[in-house]
Amino acid sequence: MIYAPSLPERGTFVAWRNVARLLMSHHVPPDDIDWSGRPGLFTPRAIPEAVGPHNVNVTKNFLKLSESVVWNSDPERFAFLYKALWRLRLRDGDPLSQSDVLGRRLHLLAKSVGRDIHKMHAFVRFHELPSPGRRRFAAWFEPEHYILEPGSHFFMKRFADMDWMIATPRLTARFEGGVISYHTGGRKPPLPADASEELWATYFANIFNPARIKMNAMRSEMPKKYWKNLPETRLIPSMLAEAEERVARMREAGASASRPGAAIISTRYRNSMEKIEENPKNLKDAKRSSRQCRRCSLCEMATQTVWGVGPENASLMIVTDQPGDREDLTGELLDGEFGAALRELTTGAGFDFSEIYVTTAVKHFKFRPEDGRRIPLAPDRAEIEHCLWWLDMELAFVRPRLVLALGTAPVIALISDGNALELRRGAFETGRHGGRVMIAGAFSGKRDRAAKTRNGAFEVEAVNEFSRAFQYLKTHV
Amino acid sequence: MVGISLRDKLAILSDAAKYDASCASSGGEKRDSRKGGLGSSGGSGICHAYTPDGRCISLLKILMTNFCIFDCAYCINRVSSNVERARFSVDEVVDLTLEFYRRNYIEGLFLSSGIIRSSDQTMSDMVRIARSLRDIHAFRGYIHLKTIPDASPELIREAGLYADRLSINVELPQDRSVRRLAPEKRPETIRATMAQMRLEGEAAKEKSHTGRLARKFAPAGQSTQMIIGADDTDDVAILNSASRLYTGYRLRRVYYSAFSPIPDSSAALPLVKPPLMREHRLYQADWLLRFYGFTADEIATGARDGNLDLAIDPKLAWALQHRGLFPLDVNRASREMLLRVPGFGVRTVDRLIAARRNRSLRYEDLVRIGASVKKARSFVVLPGWRPTGLIDSATLPSFFAAKPEQMKLL
């Protein structure tokens, strides 16, 4: 051993970095340095003051790792870090990799420091001290590593509006008037009783559920070595002792009689809840009623019922297959790309969009989740038939002169027969309700996709179809 | 409620809140008190204590009141229960939160409530508490507000202004169970609120054309809770339901809470031991959904009669049903496939991929990198290891079965 640097307890990282940089610049091999800080048998050589001829460059990753490792209490930490520096220079493997023996070691040291800091942030318990002005608090904490300095930044950011002190066996941090300072540590300072501590104990004892004891989960996250400085842990033995008995009492007591007066409150509330009306008197009542619809199982998958929009006396009704993804979320039909496309194309064909009633064959969104998105699925025949209840109601209240069926589901809903649709495109047929239905093809298939992949040919065809509907309404008064 | 002390109120209203499993205080907006105020948030959450039930205490989890006009059979606070009732004033909640916070007991407040008078009245009282913490006391810590079913969209919007996280509980995995056990709750309006919270959150993240951010809305997103074991829904149905909630409403978390006996129980629900192992397996499966690229249907292939195997974890159960895909060459396999190896976690896989860029990995490297080798070795091949015959062995599942345990004397 030729060099034996000694490093201070405070500002350890900067001090270590300076020494390591100097030694590396003189190309001093790891075996020539004793990092233990204990004087050996021989007088060590002085650390060179001037920078040597060799360049010392390190990666960000190394700096980040060493910034953590230096606070570990392992006596070999500095030697390990220097060895890693040395190997980086010699290009001897990757001493920072988890699969390297040294790298793994360094990562474990850093991890242990990180965990200790995290536990300090969690388990420091402040007691209030008497103070005439700014509020003052003090805590005693016993960390495993030398982490008070790196661990204090968190408290500076969190408790900037009060004075506090965290004492540890080696070091004490004081934060006064917004300025941090470090002093020699020592023994546990006297901490006065704190009124909030009793409330905290009350909370701890009552938030605990005696019916689910999981002591291992608790011990792995709150290791016993920290318990002596956590006031609430004193309650644990009695909480455990009583737990079984409390659960047994619950079980013995069994179901209890209903509290007097409860039934009246329940009845009153339930009577005020919205219900399905069997015979709604107008479109508005029908819409309200539809919110409770459970005629098929789609209601469980979808968010909510999406009802048609438009005036009750519209001449034209447009029926599409089902609401789209966004319409399902907002509950508003035509909220989204499809609505915008429909508005533009019908207006292009001569319509005043606000005079059209637009609705869907099936009023709940059907989909399957895939890669975090909801992919629309076509409703099946049974679902379409269940939903006729509502579509027929809309037809009966609006009594449109023409209904435009956009897609397969609307054709099945309006005419029952969904066969050979390609051949029937553009045809005028008689619907189940007795009125005229025009089969429009441009929007058939998935409506969201149709709206997204708008291209020239599609738009021309759609406007063409809407124009024919426009002409029909003009000529058939 | 004259004469009841703050301590007694706290006892009643924390006891009433303990059946909600959610405790997260992570994510969200980065804030601290260096420019005034008290508190900070935005890093990883901190658990300040643990109770013997294995649950962490991160937030002061209390009810504003346990008076309630709803009659949910699984809930200790239902209108028909004879439990002792109490109500906090706004200042009491605010003071408790701030004083606990200053002593570093908690990360913030998780406020829920029984429903008094009406949903809107209750919600607006809760919003008042959050507003007081933020606006009057400049509190920068974490706030989680439970939204009240059927509260108006305006109040939800206001709650999102002050809270880091909002949540509304779906309570039970199937609509019909909700209607049976919680007759005043309506699954469709609960979902509509979740949809609103998703859209508000997305709108708040979008910049307007002037580059200014829209008004804030619950930066730590939303979560929900499902009670497990109070109805007969099987695990596959539960996972399908969770997967719809994640994709539809962009939930950060779905919490599964094993139905646990309550004092003063309802005749509608028998008291049983809470199915803690089932809850644990569901959380594991939930992790597979969110971080490992599994779909609910894939997890279902490892289930038995619709329920997850309680003896082995769901990923292992899946792998045992898909032995044709294994053993996997660790040096060549894609990230997606490596994530499916039992015993490899997300971090392990990332380390493996980083390390194999430099050189070919050997069996010994797996241990160093932190893989659970005992589990993984039947499913991988790499220099230094070849699982001869194991993968085809009919007895492979027994390798992973729990060791028989000595029976205890009564």
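Residues numbered from 1 in each chain as written. Chains lettered and ligands numbered in written order. Predicted model: local features only at pLDDT ≥ 70, side-chain atom pairs only at ≥ 80, totals over all residues. Heavy atoms only, no water.

A. The arrangement of the overall build of chain B in detail. Of regular secondary structure, chain B possesses 15 helices and 10 strands. For a compact globule of 410 residues, the expected C-alpha radius of gyration is about 22 Å, and chain B comes in at 24 Å, within 12% of that figure. If you line up chain B on its principal axes, its C-alpha atoms span 75 × 60 × 40 Å. Relative to its full complement of 410 residues, chain B shows a buried share of 61%. Considering only contacts within chain B whose residues lie at least 6 apart along the sequence, 66% involve residues at least 24 apart. (Helix = DSSP H or I, 4+ residues; strand = E, 2+ residues; numbered from the N terminus. Rg over C-alpha atoms; globule rule 2.2 N^0.38 Å. Buried < 20%, exposed > 50% of the residue type's maximum accessible area, 1.4 Å probe, protein only. Contact = heavy atoms within 4.5 Å.)

B. Spotlight on the pairing of strand β12 (residues 436-440) of chain A. Residue and element names in this part refer to chain A. Burial analysis of β12 places 4 of its 5 residues in the buried class, which makes it a mostly covered element. Pairing analysis gives 5 bridges linking strand β10 (residues 402-406) to β12, with the strands arranged parallel. Within β12, the residue paired with Leu402 across the bridge is Arg436. In this sheet, β12 lies alongside strand β11 (residues 428-430) in antiparallel orientation, the contact comprising 3 bridges. Paired with Glu429 across the two strands is Val437, which belongs to β12. (Pairing = 2+ DSSP bridges.)

C. Seen up close, the sheet that holds strand β4 (residues 108-112) of chain B. Residues and elements named next belong to chain B. Within the open sheet, the 6 strands sit side by side as β3-β4-β5-β6-β7-β8. Their pairing is parallel. Where the open sheet ends on each side, the last strands, each with one partner, are β3 (59-63) and β8 (253-258). Recorded for the sheet is a direction-independent mean angle of 20° between the axes of neighbouring strands. Summarising the sheet, β4 and strand β5 (residues 142-146) pair through 4 bridges and their orientation is parallel. Across the sheet, residue Gly108 finds its bridge partner in β5, namely Tyr142. Here helix α8 (residues 276-291) sits on the sheet in contact with β7 (222-228) and β8, set at roughly 165° to β8. (Axes fitted to C-alpha atoms, helices over the stretch in contact; angles between N-to-C directions.)

D. How the structure looks around the interface of chain B and chain A. Of the residues lining the interface, 93 residues belong to chain B; the matching set on chain A comes to 88 residues. For the chain B and chain A pair, buried surface summed over both sides reaches about 7,800 Å², with 55% attributable to carbon and sulfur atoms. At the junction of chain B and chain A, the tally comes to 9 salt bridges. A:Arg212 is paired through a salt bridge with B:Glu279; the nearest N and O atoms lie 2.8 Å apart. Our count for the chain B to chain A interface comes out at 42 residue pairs in polar contact (both at pLDDT 80 or more). Taken together, the residues of the side of chain B that touches chain A break down into 39 nonpolar, 23 polar and 31 charged. (Buried area = accessible area lost by both parts, 1.4 Å probe. Salt bridge = Lys/Arg side-chain N within 4 Å of Asp/Glu carboxyl O. Polar contact = N/O pair within 3.5 Å; in protein donor to acceptor, adjacent residues only side chain to side chain. Nonpolar A, V, L, I, M, F, W, Y, C, P; charged D, E, K, R; others polar.)

E. Representation of the domain arrangement of chain A in the model. Residues and elements named next belong to chain A. Here chain A is partitioned into domain 1 (12-118), domain 2 (124-184), domain 3 (195-245) and domain 4 (283-475). Here the C-alpha centre of domain 3 lies 25 Å away from the C-alpha centre of domain 2. Of the roughly 610 Å² buried at the junction of domain 2 and domain 3 (both faces included), carbon and sulfur atoms supply 46%. For the domain 2 face of the interface with domain 3, the top three residues by lost area are Arg125, Glu142 and Glu144, together amounting to 68%. Counting across the interface, domain 2 meets domain 3 through 3 salt bridges. Between Glu232 and Arg125 there is a salt bridge, and its shortest N-O distance comes to 2.7 Å. Taken together, domain 2 and domain 3 are joined by 3 residue pairs in polar contact (both at pLDDT 80 or more). In terms of residue class, the side of domain 2 that touches domain 3 is built from 2 nonpolar, 1 polar and 3 charged. (Domains from an automatic or database assignment.)

F. Main features of the pattern of salt bridges. Residue and element names in this part refer to chain B. This model, assessed by the stated rule, comprises 64 salt bridges over all chains. With its nearest N and O atoms 2.9 Å apart, the salt bridge here joins Asp125 to Arg87. Taken together, the residues Asp125 in helix α3 (residues 119-136) and Arg87 in the loop between β3 and α2 (90-102) connect sequence positions 38 residues apart. Overall, Arg87 belongs to the partly exposed group, its relative accessible area being 29%. With a shortest N-O distance of 3.3 Å, Asp150 and Arg186 are connected by a salt bridge.

G. Representation of the environment of B:Lys273 in the model. Residues and elements named next belong to chain B. Among the structural elements, Lys273 can be located in the loop between β8 and α8. Using a relative accessible area of 70% as the deciding quantity, one classes Lys273 as exposed. On a C-alpha basis, the gap between Lys273 and Ser260 in space is 6.7 Å, while along the polypeptide they are 13 residues apart.

H. The arrangement of the domain arrangement of chain B in detail. Taken domain by domain, chain B holds domain 1 (6-269), domain 2 (275-320) and domain 3 (322-400). Computed from C-alpha atoms alone, the centre-to-centre distance between domain 1 of chain B and domain 3 of chain B is 40 Å.

I. Here's a closer look at α2(B). Residues and elements named next belong to chain B. Taking 1.5 Å of rise per residue, the 13 residues of α2 would be expected to cover 18 Å, and the 19 Å separating its terminal C-alpha atoms lies within 8% of that figure. Every buried residue of α2 is accounted for by Val90, Val93, Val94, Leu96, Thr97, Leu98, Phe100, Tyr101 and Arg102. Of the residues trailing α2, Asn104 is marked for its positive phi of about 65°. (Expected span 1.5 Å × (residues − 1).)

J. Geometry of the nonpolar core. Grouped together as the largest cluster of nonpolar side chains are 193 residues, with contacts concentrated most on A:Phe126, A:Trp164, B:Phe100, B:Phe344 and B:Leu366. Counting residues per element, this core draws most heavily on helix α4 (residues 101-123) of chain A, at 9 residues. One finds A:Cys387, A:Met393, A:Val398 and A:Ile439 within the second-largest nonpolar core, a separate group that totals 31 residues. (Core = buried A, V, L, I, M, F, W, Y, C linked by side-chain atoms within 4.5 Å.)

K. Just the state of the cysteines, in detail. Evaluated as defined, the whole model comprises 0 disulfides over all chains. You can see A:Cys293 has no disulfide; the closest cysteine sulfur is in A:Cys387, sitting 6.0 Å from it. Left unpaired, B:Cys75 is separated from the closest cysteine sulfur, that of B:Cys72, by 6.1 Å. Given a relative accessible area of 23%, B:Cys75 falls into the partly exposed group. (Disulfide = S-S within 2.5 Å.)

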